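The lines below spell out each chain.
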Amino acid sequence: MAAGPVSERNQDATIYVGGLDEKVNEALLWELFVQAGPVVNVHMPKDRVTMQHQGYGFVEFLGEDDADYSIKIMNMIKLFGKPVRVNKASAHQKNLDVGANIFIGNLDPEVDEKLLYDTFSAFGVILTTPKIQRDPETGNSKGFAFINYASFEASDAAIEAMNGQYLCNRAIAISYAFKKDSKGERHGSAAERLLAAQNPLSQADRPHQLFADAPPVPLPSITPVPPPPGMMGGYMPPPPVPPPGGMPPLPPGPPGSHPMPPMPPPPSNRPPMPPGRGFPGGMPPPPGSWMPPPPGMAPHGAWRPPPPGWGPPPPPRPPSSQPPMPPGPPPR
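What comes next is a walk through the structure.

What counts and how
- Residues numbered from 1 in each chain as written.
- Predicted model: local features only at pLDDT ≥ 70, side-chain atom pairs only at ≥ 80, totals over all residues.
- Heavy atoms only, no water.
- Pairing = 2+ DSSP bridges.
- Helix = DSSP H or I, 4+ residues; strand = E, 2+ residues; numbered from the N terminus.
- Axes fitted to C-alpha atoms, helices over the stretch in contact; angles between N-to-C directions.
- Contact = heavy atoms within 4.5 Å.
- Core = buried A, V, L, I, M, F, W, Y, C linked by side-chain atoms within 4.5 Å.
- Buried < 20%, exposed > 50% of the residue type's maximum accessible area, 1.4 Å probe, protein only.
- Arc of directions from axis to C-beta.
- Salt bridge = Lys/Arg side-chain N within 4 Å of Asp/Glu carboxyl O.

### Quick notes on the sheet that holds strand β3 (residues 56–61)
Taken together, four strands build an open sheet; the order of strands is β2-β3-β1-β6 and the sheet is antiparallel. Bordering the open sheet on either side are β2 (39–43) and β6 (85–88), each of which pairs with just one other strand. Strand-to-strand twist across the sheet, computed as the mean angle between neighbouring axes with direction ignored, equals 20°. Pairing between β2 and β3: four bridges, direction antiparallel. Bridge pairing in β3 places N41 opposite E60. Strands in contact with helix α1 (residues 26–33) are β1 (14–18), β2, β3 and β6; relative to β2, the strand with the most contacts, it is inclined by about 145°. Across the sheet, helix α2 (residues 64–74) touches β1, β3 and β6, and the angle it forms with β6 is around 150°.

Written out as structure tokens, the structure reads:
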């Protein structure tokens, strides 16, 4: 299981495993990470005097895809009660502590290191395992933790987005942590930010942070359809007013068709009006203004005799001498 020289390893397929308990050995690491893919070798540097490992190791896989898959499923799992840190070995060598350390307070006792890592790794690369301060005797959380980011952009985004938010039904408080051996000075100063700009963190190591919704899809432009010939503003023009006594003209046919000939006016069989009646000067009335009554019907306003069989009303009947009928029984 011992690894060969570092120059002979496939660095892209090698992962770094940190935060290991003293009970962990190379055989256990092999059995753990072989579940993610074929393992080539496992190496855990040891102290030359005590022959104990130093709390970290390296696992080389057969391919780079197996290494990436193991990082996704094995990072921050607990081994002997301690969460282990898993990332690419090449990234671990070049990540430098720039001072982007944040303090997280008012934590619920149920919050563990993996929940903190899964929550705050969305804002940037976390260099070390989130440190939850615990009671050394009981192991219970003291309610606060520290997270070390690889850039101030990530720590600024985490403070802006998560300060005052609820985590396990508690509103957490986030700010920059105090520096060690300093009198009330916090991380995030202008000097630290200037040095952090020179951190050789590659863009490939930055996590996927595009969690917002996709940009809105532009609606397809609808080209207005021009109205057919003869329409004004999308409405058909009103039909022309027919002449007095005439028929309304037919609507125009489709383009290319032959127009219909106009219909002749209806024949007039009306007798001429006798002179002296109707309009002055013996002028004939306009068409459709007067029609003679049918045969047997008197003109309007003249007395009409009653139809045959209609005479004066009959005389009233004399009163009857018979006594009235007694009333019948009441209805049941």
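Additional details are given in the paragraphs that follow.
### Quick notes on the nonpolar core
By size, the foremost hydrophobic cluster in this structure holds 26 residues, and its most contacted members are I102, I104, L116, F120 and Y149. For this core, the elements supplying multiple residues, two or more each, are β7 (100–105), α4 (113–120), β9 (141–149), α5 (152–162) and β10 (173–176). Ranked by the residues each element gives to this core, the list is headed by α5, at five residues. For I102, the contacting residues outside a window of four places in its chain are F120, A145, F146, I147, Y149, S155, A158, I159, I174, S175, Y176 and A177.

### Describing unusual backbone geometry
You will see that M51, though not glycine, has its phi angle at about 60°, which is positive. Within the secondary structure layout, M51 lies in the loop between β2 and β3. With a relative accessible area of 52%, M51 lands in the exposed category. Phi is positive for F80, which is not a glycine, with a value near 60°.

### Comments concerning α2
Residues of α2 that are buried: A67, S70, I71 and M74. Taken around the axis of α2, the buried residues stretch over an arc of 100°, which confines them to a single face. Pointing more than 90 degrees away from the buried face of α2 are the exposed residues D65 and K72. Contact partners of the buried residues in α2: β1, α1, β3 and β6. Where α2 ends, the next residue or the one after it, M76, has phi of about 70°, a positive value.

### Looking at the pattern of salt bridges
Side chains that differ in charge, positive against negative, can pair when their charged atoms come close. As enumerated under the stated definition, the model contains ten salt bridges in all. Ionic pairing is found between D156 and R193, a salt bridge with its closest N-O pair at 2.8 Å. Of the two residues, D156 is situated in helix α5 and R193 in helix α6 (residues 190–196); the sequence distance between them amounts to 37 residues. Overall, the relative accessible area of 29% leaves D156 in the partly exposed class. Given the relative accessible area of 32%, R193 is considered partly exposed. Among the salt bridges present, the one from K179 reaches E192, with a minimum N-O distance of 3.7 Å. Linking K179 in the loop between β10 and α6 with E192 in helix α6, this pair joins segments that are 13 residues apart in sequence. Judged by its relative accessible area of 12%, E192 is buried.

### What to know about the sheet that holds β10
Hydrogen bonds between backbone groups are what pair the strands of a sheet, and the pairing can be parallel or antiparallel. Spatially, four strands are ordered β8-β9-β7-β10 in an open sheet, and the strand pairing comes out antiparallel. Every other strand in the sheet has two partners, leaving β8 (131–134) and β10 as the edge strands with one partner each. Geometrically, the sheet is characterised by an average inter-axis angle of 25° between neighbouring strands, direction not taken into account. In this sheet, β10 lies alongside β7 in antiparallel orientation, the contact comprising four bridges. Its bridge partner lying in β10, F103 is registered against S175. Packed onto the sheet, α4 meets β7, β8, β9 and β10 and runs at close to 40° relative to β9. Packed onto the sheet, α5 meets β7, β9 and β10 and runs at close to 150° relative to β10.

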